[in-house]
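Below are the chains, spelled out letter by letter.
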Amino acid sequence: MRLDQRVAIVTGGSSGIGREVCLDFARSGALVVVADIQEAPKQGIYHEQDTTTTTVQEVENVGGRALFVQTDVASEKDVERLVAAAVEEFGGLDIVVNNAGIYIPGDSQDLSTHDWDRVVGVDFRSVFLLTKYSVPHLKRSQAGRIINIGSVHSFRGGAGPAYAPVKAAVVNLTRDSATELAGHGVTVNAICPGYIETAIQDYLTPEQIAGARDRTPLPRLGLPSDIAHACTFLASDHAEWITGIALPVDGGWLAPIM
Ligand SMILES: NC(=O)c1ccc[n+]([C@@H]2O[C@H](COP(=O)([O-])OP(=O)(O)OC[C@H]3O[C@@H](n4cnc5c(N)ncnc54)[C@H](O)[C@@H]3O)[C@@H](O)[C@H]2O)c1
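Here we summarise the structure given alongside this text. (Residues numbered from 1 in each chain as written. Predicted model: local features only at pLDDT ≥ 70, side-chain atom pairs only at ≥ 80, totals over all residues. Heavy atoms only, no water.)

1. Here's the deal with the overall build of the chain
Phase 1: Scanning the chain from terminus to terminus reveals 7 helices and 7 strands.
Phase 2: When the helices and strands of the chain are listed from N to C terminus, the series reads β-α-β-α-β-α-β-α-β-α-β-α-α-β.
Phase 3: Along the longest, intermediate and shortest principal axes, the C-alpha atoms of the chain span 50 × 40 × 35 Å.
Phase 4: Out of the 258 residues belonging to the chain, those deemed buried represent 53%.
Phase 5: Looking at the chain alone, contacts between residues at least 24 apart form 75% of all its contacts between residues at least 6 apart.
Phase 6: Measuring between centres, the 20 positive side-chain charges of the chain sit 4 Å from its 31 negative side-chain charges. (Helix = DSSP H or I, 4+ residues; strand = E, 2+ residues; numbered from the N terminus. Buried < 20%, exposed > 50% of the residue type's maximum accessible area, 1.4 Å probe, protein only. Contact = heavy atoms within 4.5 Å. Lys, Arg positive; Asp, Glu negative; His and termini not counted. Charge placed at Lys NZ, Arg CZ, Asp CG, Glu CD.)

2. Considering the site of the ligand
Phase 1: The full set close to the ligand counts 30 residues, and Asp36, Lys42, Tyr163, Thr198 and Gln201 are the nearest of them.
Phase 2: Within the side chain of Lys42, one N or O atom sits 2.3 Å away from an oxygen atom of the ligand.
Phase 3: Within the complex, 95% of the 830 Å² of free accessible area of the ligand lies under protein.
Phase 4: Of all the secondary-structure elements, those providing two or more residues to the shell around the ligand are α1 (16-27) and α5 (163-181). (Near = heavy atom within 4 Å. Polar contact = N/O pair within 3.5 Å; in protein donor to acceptor, adjacent residues only side chain to side chain. Areas by Shrake-Rupley, 256 points an atom, 1.4 Å probe, with all protein chains shown as cover.)

3. Considering the sheet that holds strand β3 (residues 66-70)
Phase 1: Judged by pairing direction, the sheet is parallel, and its 7 strands sit side by side in the order β3-β2-β1-β4-β5-β6-β7 without closing on themselves. Taken across any chain shown, the strands that pair with only one partner, and hence form the sheet edges, are β3 and β7 (246-249). Here the strands of the sheet are splayed against their neighbours by 20 degrees on average, with no regard to which way each runs.
Phase 2: Two elements, strand β4 (residues 95-98) and strand β5 (residues 145-149), share 4 bridges in a ladder whose sense is parallel. Paired with Val96 across the two strands is Ile146, which belongs to β5.
Phase 3: Contacting β5, β6 (187-193) and β7, α5 runs over the sheet at an angle of about 160 degrees to β6. (Pairing = 2+ DSSP bridges. Axes fitted to C-alpha atoms, helices over the stretch in contact; angles between N-to-C directions.)

4. Brief notes about the packing of aromatic side chains
Phase 1: What the rule picks out here adds up to 2 aromatic pairs.
Phase 2: Centroid distance Tyr103 to Tyr163: 5.1 Å. Interplanar angle 85 degrees. Geometry classified as edge-to-face. Highlighted residues: Tyr103 in the loop between β4 and α4 (113-138) and Tyr163 in helix α5, separated in sequence by 60 residues.
Phase 3: Residue Tyr163 is classed as buried on the basis of its relative accessible area of 14%.
Phase 4: Within the aromatic cluster, the residues linked to one another by ring pairs are Tyr103, Tyr163 and Tyr203. (Phe/Tyr/Trp six-rings, centres within 6.5 Å; stacked < 30°, edge-to-face > 60°.)

5. Some details on the packing of helix α3 (residues 76-90) against α4
Phase 1: Between α3 and α4, whose axes approach to 9 Å, the crossing angle comes to 35 degrees. The handedness of the crossing between α3 and α4 comes out as right-handed. Counted together, Glu76, Val79, Glu80, Leu82, Val83 and Val87 of α3 and Arg125, Leu129, Leu130, Tyr133, Ser134 and His137 of α4 form the full contact between these two elements.
Phase 2: For the contact of α3 with α4, the class distribution of residues is 7 nonpolar, 2 polar and 3 charged. (Left-handed = near helix turned anticlockwise from the far one by under 90°. Nonpolar A, V, L, I, M, F, W, Y, C, P; charged D, E, K, R; others polar.)

6. Comments concerning the environment of Ile191
Phase 1: Within the secondary structure, Ile191 sits in strand β6.
Phase 2: In this structure the C-alpha to C-alpha distance between Ile191 and Gly106, which are 85 residues apart in sequence, comes to 24 Å.
Phase 3: Setting aside anything within four residues of it in sequence, one finds Ile191 in contact with Ile147, Asn148, Ile149, Gly150, Ser151, Ile227, Ala230, Cys231, Leu234, Leu247 and Val249.

7. With respect to the packing of α4 against α5
Phase 1: Relative to each other, α4 and α5 sit at 10 degrees, their axes nearing to 9 Å. Classed by the angle they form, the pair α4 and α5 counts as roughly parallel. Read as a crossing pair, α4 and α5 show a hand that is right-handed. For the pair formed by α4 and α5, the contact residues are Val119, Val120, Asp123, Phe124, Val127, Phe128, Thr131 and Val135 on the first element and Tyr163, Val166, Lys167, Ala169, Val170, Leu173, Ser177 and Leu181 on the second.
Phase 2: Here the residues of the contact of α4 with α5 sort into 12 nonpolar, 2 polar and 2 charged. (Parallel < 35°, antiparallel > 145°, perpendicular 65-115°, else oblique.)

8. Comments concerning the state of the cysteines
Phase 1: A full pass over the atoms with the stated rule returns 0 disulfides.
Phase 2: In this structure Cys22 is not part of a disulfide, and its nearest cysteine sulfur, from Cys231, lies 9.7 Å away.
Phase 3: Residue Cys22 is classed as buried on the basis of its relative accessible area of 0%.
Phase 4: For Cys231, a relative accessible area of 0% corresponds to the buried category. (Disulfide = S-S within 2.5 Å.)

Here it is as structure tokens:
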């Protein structure tokens with residue numbers, strides 16, 4: 001699947017899923033804008049322990065072009081500046097991947113209001129902001145795409161009073177944006193990952209990770225590349241008649257009645 005010369009912004013592109021999306025896009029010929037609060041990759045306790053190079057370096061290693069723009073995705077000023085930087089560097093914008101996200105553990109009693117607001121800001125407000133500032137450019141593209149990263153928690157509770165509701169909201173914002181933009185040929189879809197091996201899992205215990213493995217019907221946990229391949233498909237011309245969906249990429253996690 002080719003994305004030759006398409007310009008893509010990937011938020012949270014320095015680490016984990018976003019980093020692999022950037023690399024898969026670059027291998028497919030896209031020009032990549034890595035938007036993240038930090039350029040250095042996160043190193044996890046369980047996963048990504050040895051990741052040291054930046055995403056821009058890795059894109060260049062596969063023969064691609066990339067630009068890093070330091071961005072707090074919850075900040076309207078930063079997001080406006082990000083879109084302007086992408087268009088100035090590469091001359092347009094075709095694909096946006098709203099991937100940046102944080103998870104803060106805690107139930108309604110443990111989670112502070114401040115942390116609830118942080119999750120809503122980084123995981124949800126950001127999707128509205130980047131959609132808002134990207135749409136004028138995406139409407140001019142021949143193949144405008146927005147891909148939002150939800151979660152299996154978009155469909156289930158159990159991840160606390162911020163993360164699960166916010167990920168459900170990401171899916172409904174996806175449907176609303178798909179409806180708004182379909183007439184302009186811009187597609188808007190969500191991908192809902194199951195357990196993916198990234199540094200976001202550092203809050204878990206080894207026993208909880210073993211539990212996630214037991215709960216996943218396919219015989220391994222997910223890799224960032226599993227999500228990246230779905231992203232490249234939804235960004236490609238092969239997916240031009242798909243819009244408004246929430247695609248679980250979860251090793252079968254959501255399939256059984258639990
Ligand atoms: N890993 C999983 O199992 C899993 C499962 C379901 C959904 N997701 C979702 O996938 C997305 C990526 O998660 P991941 O596992 O790669 O996490 P990760 O922690 O490995 O990477 C997240 C990236 O987002 C960046 N980031 C954090 N706050 C930011 C901010 N304010 N502005 C800009 N960038 C910021 C981080 O610096 C990091 O590079 C998230 O939306 C997450 O909720 C992950």
